[in-house]
Amino acid sequence: MSEYRSCGKLLKQIHDEMEKRANNTLRIQGLTMMQGETLLILNEAEGKILPLKELERKLHVAQSTAAGIVARLEQKGLVEGLGDMYDKRVKMVRITSVGENYCKEAKESITASEAELLSGLTETERDIFYSLLAKVRNTLK
């Protein structure tokens, strides 16, 4: 009898383990993986600023979750929320200079976590793995 295989379960387990490791590393800086990811996204954005709605889309989270992440980062002085100059209903989020410094450390932590995750693969296998993951993700869009 063959064993039941679930790629969704494996992906969830991989994600959970990566998140746990990243959170343990980032905890020293008082950040979570999602907060670190938010800083990275903002740091790479043009002008280091994005509408909250765009940030929500890039993080793949609900509006309330994105707002909570931003609120906690604002309390830490790592981002600031601004009103859009043309439409006051739009909340803009900009990374602060302090946030940029945290971003560098967050990127190093996330990169180290991913390197550890992929350490059992050859360079060719890593390329194939990324390619397959992207292909699967793109079928879900």
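Residues numbered from 1 in each chain as written. Predicted model: local features only at pLDDT ≥ 70, side-chain atom pairs only at ≥ 80, totals over all residues. Heavy atoms only, no water.

**Section: the sheet that holds strand β3 (residues 91–95)**
Step number 1: Spatially, three strands are ordered β1-β3-β2 in an open sheet, and the strand pairing comes out antiparallel. On the outer flanks of this sheet lie β1 (49–51) and β2 (79–83), each paired with one strand and no other. When the angles between neighbouring strand axes are averaged without regard to direction, this sheet yields 25°.
Step number 2: Contacts from helix α2 (residues 33–44) reach β1, β2 and β3, with the element oriented near 90° to β3. (Pairing = 2+ DSSP bridges. Helix = DSSP H or I, 4+ residues; strand = E, 2+ residues; numbered from the N terminus. Axes fitted to C-alpha atoms, helices over the stretch in contact; angles between N-to-C directions. Contact = heavy atoms within 4.5 Å.)

**Digging into unusual backbone geometry**
Step number 1: In this model, Lys-48 sits at a positive phi of 60°, which is unusual for a non-glycine residue.
Step number 2: By the element assignment, Lys-48 lies in the loop between α2 and β1.
Step number 3: Given a relative accessible area of 26%, Lys-48 falls into the partly exposed group.
Step number 4: With phi around 60°, His-60 is a residue other than glycine that occupies positive phi space. (Buried < 20%, exposed > 50% of the residue type's maximum accessible area, 1.4 Å probe, protein only.)

**Some words on the pattern of salt bridges**
Step number 1: Taken as a whole and judged by the stated rule, the model has eleven salt bridges.
Step number 2: Where Glu-100 meets Lys-48, a salt bridge forms, and the shortest distance between an N and an O atom there is 3.8 Å. Here Lys-48 lies in the loop between α2 and β1 and Glu-100 lies in helix α5 (residues 97–117), a separation of 52 residues in the sequence.
Step number 3: The exposure class assigned to Glu-100 is partly exposed, which follows from its relative accessible area of 26%.
Step number 4: In this structure, Glu-123 and Arg-126 form a salt bridge, with 4.0 Å as the shortest nitrogen-oxygen distance. (Salt bridge = Lys/Arg side-chain N within 4 Å of Asp/Glu carboxyl O.)

**Things to note about the nonpolar core**
Step number 1: Core analysis: the biggest nonpolar cluster contains 22 residues, and Leu-39, Leu-42, Leu-55, Leu-73, Val-79 and Val-93 have the highest contact counts within it.
Step number 2: Put simply, the parts of the chain that give this core at least two residues each are α2, α3 (52–59), α4 (63–75), β3 and α5.
Step number 3: If we ignore the near neighbours within four places in the chain, the residues touching Leu-55 are Thr-38, Ile-41, Leu-42, Leu-50, Val-70 and Val-93. (Core = buried A, V, L, I, M, F, W, Y, C linked by side-chain atoms within 4.5 Å.)

**Observations regarding the pairing of β3**
On a regular strand, each side chain points to the face opposite its neighbour's, so the side chains alternate between the two faces of the sheet.
Step number 1: As paired elements, β1 and β3 share three bridges and run antiparallel to each other. Its bridge partner being in β3, Pro-51 is matched across the sheet by Met-92.
Step number 2: Summarising the sheet, β2 and β3 pair through five bridges and their orientation is antiparallel. Opposite Val-79, over in β3, you have Ile-95 as the bridge partner.

Shape is all these values report; function is a separate question.
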